[in-house]
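Summary of structural features
Chain by chain, the residues run as shown.
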Amino acid sequence: MASKYDGLARIIIQNVGGKQNIKSITHCVTRLRFQLHDESKANTDILNQTDGVLKVLQANGQYQVVIGNAVNDVYDAVLDVGHLQGLGTVDEDGNAVADDNASGGKKGAAAILIDLISGIMAPTIGLMGASGIIKGVLTLLTFFSLLDPNGGAYKIWYTVADGFFYFLPIALGYTAAKKFKMNEFTGMALGISLCYPTMVALTSGEVLGSILTGTAFEMSYYTTFFGIPVVYPASGYTSSVIPIVLCCFVGSKLEHWLNNHLSDMIKTFITPVCVLLVMSSLTYLLIGPLSGIMCSVLTIAFQALFSIPAVGATLGCALVGIFWQVLVIFGFHWSLIPLAYINIANLGYDFIMPGTFATPFAQAGALLAVILLSKDDIKTRKIGVPAFISCMFGITEPTIYGINLPKKKPFIAACAASGIAGILVGALGAKRYVPGGLGLFGLPGYIDATGGTGLSSMWTVLAASVIAFVLALVFTLILYKSAKKS
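Presented here is an overview of the structure given in this document. (Residues numbered from 1 in each chain as written. Predicted model: local features only at pLDDT ≥ 70, side-chain atom pairs only at ≥ 80, totals over all residues. Heavy atoms only, no water.)

**A look at the side chain of Asp350**
Note that Asp350 resides in the loop between α13 (337–347) and α14 (359–372). The charged side chain of Asp350 is buried without a salt bridge, its nearest counter-charge being Arg432 at 4.6 Å. A polar contact is formed between the side chain of Asp350 and the backbone nitrogen of Met353, at a distance of 2.8 Å. With near-sequence residues (within four places) excluded, Asp350 lies in contact with Leu339, Ala340, Asn343, Ile344, Ala430, Lys431 and Arg432. (Helix = DSSP H or I, 4+ residues; strand = E, 2+ residues; numbered from the N terminus. Buried < 20%, exposed > 50% of the residue type's maximum accessible area, 1.4 Å probe, protein only. Lys, Arg positive; Asp, Glu negative; His and termini not counted. Salt bridge = Lys/Arg side-chain N within 4 Å of Asp/Glu carboxyl O. Polar contact = N/O pair within 3.5 Å; in protein donor to acceptor, adjacent residues only side chain to side chain. Contact = heavy atoms within 4.5 Å.)

Below you can see the structure in the form of structure tokens.
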């Protein structure tokens, strides 16, 4: 199909020595990267003076033609005009980047979504693991009175550990933008807008009104956008994943359209202006309310489920165990957390969140199985060992996004094991009395300080966690081992 870059493509092909001089071609975010049979045949001076070419660089055995934002379109035009076979995308260092469309056969929607989320999260796995380990160690030190939680050392270290999770949308703005071939710094700017202190503090101000009043989906708003209510979820957007991913996905479409229709003279600054203005507004006006409505739907569903006489708690904890990590991935776990706090305030205990306690240990069991079956895979072991430690402290993101979710079967095995553990927790009526730590450090929250049930709930969730760990380990050894052989 004809492209407005066909003329530029012909000039480039001609001045790199012609089609016969091209050994291979890839592209990164800004550059066409040629490997030529003979670089002396290239007309570098002509290319440097060509409209549409910013500069020519020769480095690391590559002949690099710097194009800028239009590099994707120029790359496609070069392949089309020259009848060439491209080698896909590389990063700025020349390392191959997986092509989502390169796999044989068609992927299902779920597989595409998993690959997309995992790919976006992958660059953050190391830092997530480090942050989780630091938070766990700090909890351990304060629990044994080895570190003052009000002291400077604790505050500095906790800031760097918790801060990465708090400002996660900024990091994901960069990785999501890179995944969607969007300007990475535009993605970061959109992530910053979701964590900006003025917006984070919005819910502490005066309520101006509510939408869907009188329904189960009623939501308050604290400001308006030209008269349109800006509904801000109670959980906010800090530490969230899906809002910034959706924002960058839609924003990338807008950016590509603008770059294809605006003059090269103005698109460098007009495109980001338009993308930032439109996407920041769209995120707060549309993604916020939709997230709130989805959370309300889940809240109503789980309230009804746990209210079923006799079997409600067992069924509820089983489903919470199975789907908790899925809810975390999409940010919908916030629909259950308010219910837990309401239960503690009204009843003195909560019976919903105990169903989630075993989930990090199930993920850890599945992860251990993958590590044991990947003795020759150095990369998996490097990611897996610190991720396993984080799981013990209740931080499952490195495990989920780094290994279990991309490999699919370990994640499914862990969810199944969590569901079985949830049945035990619900059937025995485990209760959480104090919200607090994650992983092993969450155990004290299950101690009844009034003496009514004593340590029984703590022993129940601990036993459920051991069962979940062992079952996930066994399930994954069976499922993942057979998958590797097939």
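That shown, we press on.
**Some thoughts on the packing of aromatic side chains**
Going through the model one piece at a time under the given rule, you end up with twelve aromatic pairs. Centroid distance Phe357 to Phe361: 5.8 Å. Interplanar angle 40°. Geometry classified as tilted. Note on Phe393 and Phe441: the rings are 5.5 Å apart at their centroids and 15° apart in plane angle, and the pair reads as stacked. Placement of the pair is Phe393 in the loop between α15 (378–392) and α16 (397–407) and Phe441 in the loop between α17 (409–427) and α18 (456–485), with a sequence separation of 48 residues. Note on accessibility: Phe393 and Phe441 belong to one class, buried. Taken together through their ring pairs, the aromatic side chains of Phe357, Phe361 and Tyr446 make up a single cluster. For the cation-ring pair, Lys431 lies above Tyr349, with the distance from its terminal atom to the ring centre recorded as 5.2 Å. (Phe/Tyr/Trp six-rings, centres within 6.5 Å; stacked < 30°, edge-to-face > 60°. Lys NZ or Arg CZ within 6 Å of the ring centre and 35° of its normal.)

**Quick look at the nonpolar core**
Within the largest apolar cluster, 40 residues are counted, with the highest numbers of intra-cluster contacts made by Met121, Val241, Ile244 and Tyr401. Per-element tally for this core: the top contributor is helix α10 (residues 242–261), with six residues. One finds Ala358, Ala364, Ala366 and Met392 within the second-largest nonpolar core, a separate group that totals 38 residues. (Core = buried A, V, L, I, M, F, W, Y, C linked by side-chain atoms within 4.5 Å.)

By themselves these figures say nothing about function.
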